[in-house]
Every structure is written in structure tokens, then in C-alpha cells.
Amino acid sequence: MRQKPLIILGLIVIVASAAYYRLATRATTAKASGRLEIVNTPERYCPTQAQIVVTSSINQVLPEHDQTVAVINCRTIEIKSLIGTTADTKIIWLKLPGALADKTSIDSPTDYFQFSPRLGDVNGDNVIDEIDRRLVENTLLSDAAGVIKADIDGDQKISIIDLSLTRINAGVGSERPDGKNWGANESNTLRTSRPGYD
């Protein structure tokens, strides 16, 4: 009988956390051409680099476009240099720190595109699962200072929001088209707090 109130309380916490996460996300700003904007992330999440693989429309990896690129102002990736000037369709495979890898189709180097990452990949294995949840939970319960990887939303503290992101975004990210491991180059130093929040 006592379990029912605990279950209801747990559901309320998860729903409240999800609502806070949605309210804390950054609104889309001016749409600049030739850019991919990172959207629907907590305001303080600030990746400085991303791993990119570009393939042709027939999934052929373009070796000159397998690289780590800068993320401008925590939200924007220039795509003009990534896909060239032709209007043929390319697929951009993208891995941000703490997020699952995913892909998006780009058909013009001058258009505006959006990418909404699924955050919560604490251990960098391109899977958000019980391991990530336990890493955040253990850090949350231990009051461990300086554990940056478990701070998924970038607010410089481990909270119920970080734990909720591992539950809401659970799943497996896209594999690289060449079969290599995404996590091989991922470093926690790629993600820092968003400027102005220090």
C-alpha cells in the first residue's frame, strides 16, 4: 500500500523534471544560411566540438569530411565547408559530447538546418542505458564534486534533471557509416559550461 504513493511521487518528479527541461531549452534564433543549428538542448549545454562524417546519398564516406569540427557559440556548425558547393544530397553523421550520434540529410550548402541531439550518454559509448543512469545516480547520491561527465545539462551541478535525461533519451545512437567507433575520439573536454554562466 505504501508503494503507490512512492510511485506517484516518482512520476511527479519525472514529469516536473521533463517540464523544467523543456522550459530551460533555448529558443531558435535567427536562421543563418549554410549552417546547422543545435536545438532543443538545455541552455547551458555547450559543446565546443563535434565529430562529423559526411557521406554521399549512396552512403559512401567522403574521407576528407571525416573530422572534428568547431561548434560556434555552443549552437552552430558551418556546413558549407563540409558538403561543398554542389546541391546534391549528402548525409551528415554527427556526434556531440554527451549525446547519441545521429544523422541528417543536407541537400543545399546554403540552407538552414536544425539538429536536436539526445543527451545523456555519460560514458561515451553511444548508448543511453542503465549504465549512464547509474553513473549519474551514484554521482548525485555521493555529492562528488568535479564530476563533469555526469553533468549532462551543463549547469555545473548534478541534479534530478541530469538523471531524467538518461531516462527520457534512453536508446542507441546511429553507428558510423564506416563501422568505426564514435567514442574513440570523444573527450569530456569538448563540453564546457556555456559562456556567461560561470
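Whatever comes next refers back to the structure up there.
Model, not experiment: these values are computed from the prediction. (Residues numbered from 1 in each chain as written. Predicted model: local features only at pLDDT ≥ 70, side-chain atom pairs only at ≥ 80, totals over all residues. Heavy atoms only, no water.)

1. A word on the pairing of strand β8 (residues 112-115)
Applicable threshold: Only protein chains enter the accessibility calculation, which uses a 1.4 Å probe; a residue is then buried when its area is under 20% of its type maximum, exposed when over 50%, and partly exposed in between. Secondary structure elements are taken from DSSP: a helix is a run of H or I of four residues or more, a strand is a run of E of two residues or more, and numbering for both begins at the N terminus. When DSSP finds at least two bridges between two strands, those strands are taken to pair.
Residues F113 and F115 line the buried face of β8, whereas the alternating positions Y112 and Q114 sit on a face that is not buried. Note that strand β1 (residues 35-38) and β8 share 4 bridges and pair parallel. Looking at the pairing, I38 lines up with F115 of β8.

2. Observations regarding the state of the cysteines
Defined as follows: Disulfides are defined as pairs of cysteine sulfur atoms found within 2.5 Å of each other.
Enumeration over the complete set of coordinates arrives at 1 disulfide. Across the disulfide, C46 is cross-linked to C74 (sulfur-sulfur distance 1.8 Å). Handedness of the C46-C74 disulfide follows from its S-S torsion of about -50 degrees: it is left-handed. Of this pair, C46 sits in strand β2 (residues 45-47) while C74 sits in the loop between β4 (61-70) and β5 (76-78), and the two are 28 residues apart along the sequence. Residue C46 is classed as buried on the basis of its relative accessible area of 2%. Residue class for C74 comes out buried when judged on its relative accessible area of 5%.

None of the figures reported here should be taken as evidence of function without further support.
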